[in-house]
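Here are the chains, one letter per residue:
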Amino acid sequence: DGGITQSPKYLFRKEGQNVTLSCEQNLNHDAMYWYRQDPGQGLRLIYYSQIVNDFQKGDIAEGYSVSREKKESFPLTVTSAQKNPTAFYLCASSVSGTFTGELFFGEGSRLTVL
Amino acid sequence: AQKVTQAQTEISVVEKEDVTLDCVYETRDTTYYLFWYKQPPSGELVFLIRRNSFDEQNEISGRYSWNFQKSTSSFNFTITASQVVDSAVYFCALTPREAGNMLTFGGGTRLMVKP
């Protein structure tokens, strides 16, 4: 079945460590996104990529980095510079070039910093 | 800049009750799109509906209906005869036409439907 796979589902990290969250899609979508979800704050955009080898900062990119070397993959690294990294992270994809507003989401990764 | 406000953070109803989730938005754009997404306990958001700013017709899909009122900048979502499976977090979102798929989300409303 086509969809978006995020891993790991749960992740614990010590302060000062970098951690990478995986996002893979087999929907053949050009665009991919990373959102952060905090209670009561909805979803906030971290980074997005409209095409391979290109990505743009979203509203809260500080302390995060991404890469887009393959169409199917859009990993997110949470660096030690992110001051409050404990959150639920959602990856999404959409058909680029055609506006639909319909994003397809993975089941998320919950990161806890100890 | 856009803003979406969902004032109800949590709603609890008993099965078969009707429930309305409120959404108020702010935008300076004349052409924009509004959305509702559902987030079940599994975590992924699921697209429910998209409306454009020129179409104020209400829409009904089974037990779901949406009321778009441009005059009050609101896009409310009603579930009729709620069921336990409707329990989820619901997000309202907005994007101006030129922003493409860059959605601004509201804070979400957690709906709990008790049997």
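Up top is the structure these notes are about.
Residues numbered from 1 in each chain as written. Chains lettered and ligands numbered in written order. Predicted model: local features only at pLDDT ≥ 70, side-chain atom pairs only at ≥ 80, totals over all residues. Heavy atoms only, no water.

**Some words on the overall build of chain B**
Along its length, chain B carries zero helices and twelve strands. Listing every helix and strand of chain B by position from the N terminus yields β-β-β-β-β-β-β-β-β-β-β-β. The C-alpha atoms of chain B give 14 Å as radius of gyration, which agrees with the globular expectation for 115 residues (13 Å, within 12%). By principal-axis analysis of the C-alpha atoms, chain B measures approximately 45 × 30 × 20 Å. Here chain B holds 115 residues, and the buried ones make up 46% of them. When contacts within chain B are restricted to residue pairs at least 6 apart in sequence, those whose partners lie at least 24 apart make up 56%. Accessible area of chain B: about 5,600 Å², with a carbon and sulfur share of 48%. (Helix = DSSP H or I, 4+ residues; strand = E, 2+ residues; numbered from the N terminus. Rg over C-alpha atoms; globule rule 2.2 N^0.38 Å. Buried < 20%, exposed > 50% of the residue type's maximum accessible area, 1.4 Å probe, protein only. Contact = heavy atoms within 4.5 Å. Areas by Shrake-Rupley, 256 points an atom, 1.4 Å probe, with all protein chains shown as cover.)

**Some details on the interface of chain B and chain A**
In this assembly, 20 residues from chain B lie in contact with 24 residues from chain A. When the two sides are added together, the surface that chain B and chain A hide from each other amounts to roughly 1,700 Å², 60% of it contributed by carbon and sulfur. Together, N101, M102 and F105 of chain B form the three largest contributors to the area buried by chain B at its contact with chain A, with a combined 34%. Where chain B meets chain A, there are zero salt bridges. (Buried area = accessible area lost by both parts, 1.4 Å probe. Salt bridge = Lys/Arg side-chain N within 4 Å of Asp/Glu carboxyl O.)

**Side note on the side chain of S93 of chain A**
Residue and element names in this part refer to chain A. Following the sequence through the fold, S93 ends up in strand β9 (residues 87-94). Residue S93 is classed as buried on the basis of its relative accessible area of 0%. Only 2.8 Å separates the side chain of S93 from the side chain of H29, close enough to count as a polar contact. Not counting the four nearest positions on each side in its chain, S93 is found in contact with I4, Q25, L27, H29, A31, M32, Y33, E102, L103 and F104. (Polar contact = N/O pair within 3.5 Å; in protein donor to acceptor, adjacent residues only side chain to side chain.)

**A closer look at the sheet that holds strand β1 (residues 4-7) of chain A**
Residues and elements named next belong to chain A. With antiparallel pairing, the four strands of this open sheet are ordered in space as β1-β3-β8-β7. What marks the edges here is a single partner per strand, and that holds for β1 and β7 (64-66). For this sheet, the mean inter-axis angle between neighbouring strands, taken without regard to orientation, is 20°. Across three bridges, β7 lies against strand β8 (residues 76-78) in antiparallel orientation. In the strand pairing of β8, S65 is matched with T77. (Pairing = 2+ DSSP bridges. Axes fitted to C-alpha atoms, helices over the stretch in contact; angles between N-to-C directions.)

**Description of the pairing of strand β5 (residues 32-39) of chain B**
Residue and element names in this part refer to chain B. Of all the eight residues making up β5, eight are buried; the element is thus mostly covered by neighbouring parts of the structure. Side chains Y32, L34, W36 and K38 project from β5 onto one buried face, and the interleaved Y33, F35, Y37 and Q39 project onto a second face that is buried too. Summarising the sheet, β5 and strand β10 (residues 88-96) pair through eight bridges and their orientation is antiparallel. The residue bridging Y32 from the neighbouring strand is P96, located in β10. Linking two consecutive strands that pair antiparallel, namely β5 and strand β6 (residues 46-52), is a turn of six residues; a positive phi of about 110° is found at G43 within it.

**Details of the pattern of salt bridges**
For the coordinates displayed, the defined rule picks out seven salt bridges over all chains. The salt bridge partner of D30 of chain A is K71 of chain A, with a shortest N-O separation of 3.4 Å. Of this pair, D30 of chain A sits in the loop between β3 (19-25) and β4 (31-38) while K71 of chain A sits in the loop between β7 and β8, and the two are 41 residues apart along the sequence. A salt bridge links R51 of chain B to E59 of chain B, with the shortest nitrogen-to-oxygen separation between them at 2.5 Å. A single network of salt bridges, built from pairs that share partners, joins R36, D38 and R44 of chain A.

**Examining the side chain of E44 of chain B**
If you trace the backbone, E44 of chain B turns up in the loop between β5 and β6. Of the side chains bearing the opposite charge, K9 of chain A lies closest to the buried E44 of chain B, which forms no salt bridge; the N-O distance is 7.0 Å. In terms of polar contacts, E44 of chain B uses its side chain to reach the side chain of S42 of chain B, at 2.6 Å. Look past the residues within four positions of E44 of chain B in its chain and what remains in contact with it is F105, G106 and E107 of chain A together with K38 and Q39 of chain B. (Lys, Arg positive; Asp, Glu negative; His and termini not counted.)

**Let's talk about the packing of aromatic side chains**
When we look at a pair of aromatic rings, we describe it by the centre distance and by the angle of the planes. Evaluated as defined, the whole model comprises 18 aromatic pairs over all chains. Here Y35 of chain A and F105 of chain A contribute two aromatic rings whose centre-to-centre distance is 6.0 Å and whose plane-to-plane angle is 40°, an arrangement assigned as tilted. Highlighted residues: Y35 of chain A in strand β4 and F105 of chain A in strand β10 (residues 104-105), separated in sequence by 70 residues. Residue F105 of chain A is classed as buried on the basis of its relative accessible area of 8%. Pairing Y37 of chain B with F47 of chain B gives two aromatic rings, centres 5.7 Å apart and planes at 75°, and the pair type is edge-to-face. One end of the pair, Y37 of chain B, is in strand β5; the other, F47 of chain B, is in strand β6, with ten residues separating them in the sequence. In this structure Y37 of chain B comes out as buried when scored by relative accessible area, which is 0%. One aromatic cluster in this structure is built from Y33, Y35 and F105 of chain A together with F35, Y37, F47, F91 and F105 of chain B. (Phe/Tyr/Trp six-rings, centres within 6.5 Å; stacked < 30°, edge-to-face > 60°.)

Nothing here speaks to function; it is all geometry.
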